[in-house]
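# Topology and contacts: notes
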Amino acid sequence: MELAVTSYLVVQSFHVMAVVAAYGLPMAYPMLLPYLRRRHPRAMPGVHDVQYRLNQRLTGPGTVIVLAAGVYMASKHHLWGEAWVAVPVAIMAVIVVLGGGYVVPASKRMAGLARADVDAAPSDSPSWSSEYERTFARYLVAEITLGVLVLVAVFFMVAKPFA
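What this report covers is the structure whose coordinates are included nearby. These figures come from a predicted structure and were not determined experimentally. (Residues numbered from 1 in each chain as written. Predicted model: local features only at pLDDT ≥ 70, side-chain atom pairs only at ≥ 80, totals over all residues. Heavy atoms only, no water.)

Across its full length, the protein carries four helices and zero strands. When the elements of the protein are put in sequence order from the N terminus, they spell out α-α-α-α. Seen through its C-alpha atoms, the protein measures out along the principal axes to roughly 65 × 35 × 20 Å. For the protein, buried positions account for 37% of its 163 residues. A separation of at least 24 residues holds for 81% of the contacts in the protein among residues at least 6 apart in sequence. Of the roughly 9,500 Å² that the protein leaves accessible, carbon and sulfur atoms contribute 69%. The average position of the 13 basic charges and that of the 9 acidic charges among the side chains of the protein differ by 2 Å. (Helix = DSSP H or I, 4+ residues; strand = E, 2+ residues; numbered from the N terminus. Buried < 20%, exposed > 50% of the residue type's maximum accessible area, 1.4 Å probe, protein only. Contact = heavy atoms within 4.5 Å. Areas by Shrake-Rupley, 256 points an atom, 1.4 Å probe, with all protein chains shown as cover. Lys, Arg positive; Asp, Glu negative; His and termini not counted. Charge placed at Lys NZ, Arg CZ, Asp CG, Glu CD.)

With that out of the way, let us pick up empty space enclosed by the protein. For the structure shown, the criterion picks out one cavity of 30 Å³ or more. By volume, the largest cavity is sized at about 40 Å³. Listed by contribution, the elements that provide at least two residues to the lining of the largest cavity are helix H1 (7-39) and helix H2 (44-76). The element contributing the most residues to the lining of the largest cavity is H1, with five residues. Residues of the lining of the largest cavity, tallied by class, amount to seven nonpolar, two polar and no charged. (1 Å grid on protein atoms, 1.4 Å probe; cavity = no way out; pocket = protein on both sides within 12 Å on 5 of 7 lines; lining within 4 Å. Points joined across faces, edges and corners; volume = space filled by probe spheres on them. Nonpolar A, V, L, I, M, F, W, Y, C, P; charged D, E, K, R; others polar.)

So, on to the layout of surface pockets. Considered as a void within the structure, the largest pocket measures approximately 590 Å³ in volume. Along the walls of the largest pocket sit 28 residues, with His15, Val66, Met73, Pro88 and Met157 positioned nearest its centre. Looking at the lining of the largest pocket, the elements with two or more residues in it are H1, H2, helix H3 (83-120) and helix H4 (130-159). If you add up the space inside the second largest pocket, you get close to 260 Å³. Residue lining of the second largest pocket: 17 residues in total, with Tyr23, Thr59, Thr63, Ile95 and Gly99 positioned closest to the centre. Those elements that provide at least two residues to the lining of the second largest pocket are H1, H2, H3 and H4. It is H3 that contributes the most residues to the lining of the second largest pocket, six residues altogether.

Given a rise of 1.5 Å per residue, 33 residues ought to cover 48 Å, and the 47 Å separating the end C-alpha atoms of H1 matches this to within 8%. The sharpest bend along H1 measures roughly 50° and falls at Tyr29, with the proline Pro30 sitting one to four residues further on. Burial in H1 covers these residues: Tyr8, His15, Ala18, Val19, Ala22, Tyr23, Pro26, Tyr29, Leu33, Leu36 and Arg37. Check the buried side of H1 and you find it contacts H2, H3 and H4. (Expected span 1.5 Å × (residues − 1). Bend = angle between axes of the 7 residues up to and from the residue.)

This paragraph deals with H4. End to end, H4 covers 43 Å across 30 residues, agreeing with the expected 44 Å (1.5 Å per residue, within 8%). Following H4 by one or two positions, Lys160 has its phi on the positive side, about 50°.

Next up on the list: the nonpolar core. Ranked by internal contacts, the top residues of the largest apolar core, which has 29 residues, are Tyr23, Leu33, Met44, Tyr132, Phe136 and Tyr139. Among the secondary structure elements, those contributing two or more residues to this core are H1, H2, H3 and H4. Setting aside residues up to four positions removed in sequence, Met44 forms contacts with Leu33, Leu36, Arg37, Ala114, Trp128, Tyr132 and Phe136. Ranked by size, the runner-up nonpolar core spans seven residues in total, among them Leu79, Trp84, Val85 and Phe156. (Core = buried A, V, L, I, M, F, W, Y, C linked by side-chain atoms within 4.5 Å.)

This brings us to a nonpolar patch on the surface. A cluster of nonpolar side chains, Leu3, Val5, Val10, Phe14, Met17 and Ile65, forms an exposed patch at the surface whose accessible area comes to about 610 Å². Ranked by residue count, the leading element in the nonpolar patch is H1, at three residues. Note on placement: Val5 falls in the segment before H1. (Patch = residues over 30% accessible without salt bridge, like charges linked within 9 Å, V, L, I, M, F, W, Y side chains within 5 Å. Salt bridge = Lys/Arg side-chain N within 4 Å of Asp/Glu carboxyl O.)

Don't take any of this as a statement about function, it's just geometry.
The structure is reproduced here in structure tokens:
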């Protein structure tokens, strides 16, 4: 039996693993966070703090691995002109800008805002400030947008439309 593991397949595996690790949990946030706000509001400062930490330690580095592996694969087989490569590259640019420019700072900001609201609340049900509500709503829109973009990129990479 011949073992046919190539460097390309190893890089492709790391590319897929990085996508799952970096974007899997954030794709669940739009379902998870509203539930936690309703059922466990006092947990929100810690939840947002964890989100910020995961963005720094997992999503950010994972994005770098996704990008580096993608560049290697597209270059190795001269695929830069393919639509199924160009669309995910454009999506990656949006992910980097929206994720790094808005989602990461918003998660840090929400941790502080939620902490202030929870600390000011005399009961188990804090009243969220208008600033927290606005930031949270915008954050959810950004996170949903990023999740949809990740799914579109995966579709293009796997189905290879227009190839």
